[in-house]
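Structural overview for review
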2 protein chains.
Amino acid sequence: METIAENQRVKTAKKIEKMFGHIDYKNPPELCPVRDVMSVASDQWSTLIILWLGYFETLRFNKLKKYVYGISNKVLSQRLKVLEADGYISRKAFPEVPIRVEYALTEFGQSYVERLLELTEWMQQNSPKVLANREKYGIV
Amino acid sequence: METIAENQRVKTAKKIEKMFGHIDYKNPPELCPVRDVMSVASDQWSTLIILWLGYFETLRFNKLKKYVYGISNKVLSQRLKVLEADGYISRKAFPEVPIRVEYALTEFGQSYVERLLELTEWMQQNSPKVLANREKYGIV
DNA sequence: TCATATGGTTACTTTTTGTAACTTACTCTT
DNA sequence: AAGAGTAAGTTACAAAAAGTAACCATATGA
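Residues numbered from 1 in each chain as written. Chains lettered and ligands numbered in written order. Predicted model: local features only at pLDDT ≥ 70, side-chain atom pairs only at ≥ 80, totals over all residues. Heavy atoms only, no water.

- As recorded by an unreviewed UniProt entry, chain A carries the name Winged helix-turn-helix transcriptional regulator and is attributed to Croceitalea marina.

Structure, rendered in structure tokens:
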């Protein structure tokens, strides 16, 4: 066995224990904060929205829709609302005509995007590997 | 302006540019590998499955179901298949009676869980903040 | 006057999830 | 010997989420 890899595995396990170790699986809580928060922030569209707001300091609704291509008005609007409610982004409406609305990351959102980026960079580096695995597996 | 925070912001923006800068938004690709890979790996149930396999070296179907509480047989079975196809986990079936099936992280999955953990630890630390924001926002 | 732009909303359809019962084959209990 | 239990799923059906496309008010530019 490679002891370095094994060491890392043990470290990882300890972190996970710290995260979920308190849960009683005979009677699990109906709402776990980690799950709850994660399901909003790491939703597919949410991550793209947050990444783009990490690139541009502010973005208006239609610009955001252009960069997060494929998203519908409806879902974009919904996601922006929950991301605002959870404190990742801010919404500023200017009473002009036509109305101008600017979305931006909050400080909290900024701290999140930095963590998120580490994951997405890993995804980018490893996507060829995943795609190759998928091919090999057959069912695509 | 705080120059340290501003510096960090610029760094973040550069990373995002590197990730998405090549895309032509007048004619965006219908399938972006980063999106594609991310949508499997950072799915709500998938992350929980991967975390638990990062804790126990191997887990059988029903144990996994116990820890990833709330998941249905159907969805667990589906997720395990795609996670196997994408190369994160391995499935070993022992021809006993009744059949025994062991799931485990591959080396690749192990390297993923380490990245994933950084995110989920952040989530755990910050979930009180998010929940407080949500409360303040009103619509729960 | 008609088209365009803004930031959405609404009604409707399609896809994805969740629920719960069922399967196969063997063993343990009564 | 009949019935229940176990393991790892599958299947048919119901509910929830997401996607589609038309629509809204208001004002400007052609």
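Now, onward.
1. Here's the deal with the sheet that holds strand 1 (residues 58-60) of chain A
Residue and element names in this part refer to chain A.
- As summarised here, the arrangement of the 3 strands in space is 1-3-2, forming an open sheet in which the pairing is antiparallel. Edge positions in the open sheet fall to strand 1 and strand 2 (89-94), since each of these has one partner strand only. Ignoring strand direction, the axes of neighbouring strands in this sheet form an average angle of 30°.
- The sheet contact formed by strand 2 and strand 3 (residues 100-105) spans 6 bridges and is antiparallel. The partner of Lys92 across the bridge, within strand 3, is Glu102. (Pairing = 2+ DSSP bridges. Helix = DSSP H or I, 4+ residues; strand = E, 2+ residues; numbered from the N terminus. Axes fitted to C-alpha atoms, helices over the stretch in contact; angles between N-to-C directions.)

2. A word on the UniProt feature "domain: HTH hxlR-type" (unreviewed entry) in chain A
- Taking the UniProt record as the reference, the feature "domain: HTH hxlR-type" (unreviewed entry) is found at residues 32-131 of chain A.
- Within the segment residues 32-131 of chain A, helix and strand shares are 66% and 15% respectively, and the terminal C-alpha atoms sit 32 Å apart. (UniProt positions renumbered as here; feature names shortened; annotations may be inferred.)

3. Some thoughts on the protein's contact with DNA strand C
- Among the 18 residues in the neighbourhood of DNA strand C, the closest are listed as Asn73, Ser77, Arg91 and Tyr103 of chain A together with Lys74 of chain B.
- Sugar plus phosphate, as a fraction of atoms of DNA strand C within 4 Å of the protein: 66%.
- Contacts to DNA strand C include Asn62 of chain A, whose side-chain N or O atom sits 3.0 Å from a phosphate oxygen.
- Elements with a minimum of two residues in the surface near DNA strand C: helix 4 (61-67), helix 5 (73-85) and strand 3 of chain A together with helix 5 (73-85) of chain B.
- Of the residues forming the surface near DNA strand C, the biggest block, 4 residues, is contributed by helix 5 of chain A.
- Taken together, the residues of the surface near DNA strand C break down into 8 nonpolar, 4 polar and 6 charged. (Near = heavy atom within 4 Å. Polar contact = N/O pair within 3.5 Å; in protein donor to acceptor, adjacent residues only side chain to side chain. Nonpolar A, V, L, I, M, F, W, Y, C, P; charged D, E, K, R; others polar.)

4. Brief notes about the interface of chain B and chain A
- On the chain A side, the residues contacting the 69 residues of chain B number 69 residues.
- Buried surface at the junction of chain B and chain A, both sides included, amounts to about 6900 Å², of which 66% is carbon and sulfur.
- Interface area lost by chain B to chain A is led by Arg35, Tyr69 and Trp122 of chain B, which between them contribute 12%.
- Across the chain B-chain A interface, the total number found is 6 salt bridges.
- Note that Glu57 of chain B is salt-bridged to Arg9 of chain A, the shortest N-O span being 3.3 Å.
- The interface formed by chain B and chain A holds 18 residue pairs in polar contact (both at pLDDT 80 or more) in total.
- Among the elements of the structure, helix 1 (3-20), helix 2 (33-41), helix 3 (44-55), helix 4 (61-67), helix 5 and helix 6 (107-137) of chain B are those that each provide at least two residues to the side of chain B that touches chain A.
- With 24 residues, the single largest contributor to the side of chain B that touches chain A is helix 6 of chain B.
- Looking at side-chain class alone, the side of chain B that touches chain A contains 36 nonpolar, 15 polar and 18 charged residues. (Contact = heavy atoms within 4.5 Å. Buried area = accessible area lost by both parts, 1.4 Å probe. Salt bridge = Lys/Arg side-chain N within 4 Å of Asp/Glu carboxyl O.)

5. Looking at the packing of aromatic side chains
- What the rule picks out here adds up to 26 aromatic pairs over all chains.
- Ring centres 6.0 Å apart and planes at 65° place the aromatic pair Tyr69 of chain A and Tyr25 of chain B in the edge-to-face group. Taken together, the residues Tyr69 of chain A in the loop between helix 4 and helix 5 and Tyr25 of chain B in the loop between helix 1 and helix 2 connect one chain to another.
- Relative accessible area serves as the criterion here: at 10%, Tyr69 of chain A is assigned to the buried category.
- With a relative accessible area of 15%, Tyr25 of chain B lands in the buried category.
- Aromatic side chains Trp122 of chain A and Tyr112 of chain B sit 5.1 Å apart centroid to centroid with 35° between the ring planes, which places their arrangement in the tilted category. (Phe/Tyr/Trp six-rings, centres within 6.5 Å; stacked < 30°, edge-to-face > 60°. Buried < 20%, exposed > 50% of the residue type's maximum accessible area, 1.4 Å probe, protein only.)

6. Quick look at the side chain of Asn133 of chain A
- By the element assignment, Asn133 of chain A lies in helix 6 (residues 107-137).
- For Asn133 of chain A, the contacting residues outside a window of four places in its chain are Ala85, Asp86 and Gly87 of chain B.

7. Examining the packing of helix 3 (residues 44-55) of chain A against helix 6 of chain A
Residues and elements named next belong to chain A.
- Between helix 3 and helix 6, the least distance of the axes is 10 Å, while the angle of their chain directions is 115°. With respect to helix 6, the element helix 3 is oriented roughly perpendicular. Judged by the sense of rotation from one axis to the other, the crossing of helix 3 with helix 6 is left-handed. On helix 6, the residues that touch Thr47, Ile50, Leu51 and Gly54 of helix 3 are Tyr112, Val113, Leu116, Leu117 and Thr120.
- Residue composition of the contact of helix 3 with helix 6, grouped by class: 6 nonpolar, 3 polar and no charged. (Parallel < 35°, antiparallel > 145°, perpendicular 65-115°, else oblique. Left-handed = near helix turned anticlockwise from the far one by under 90°.)

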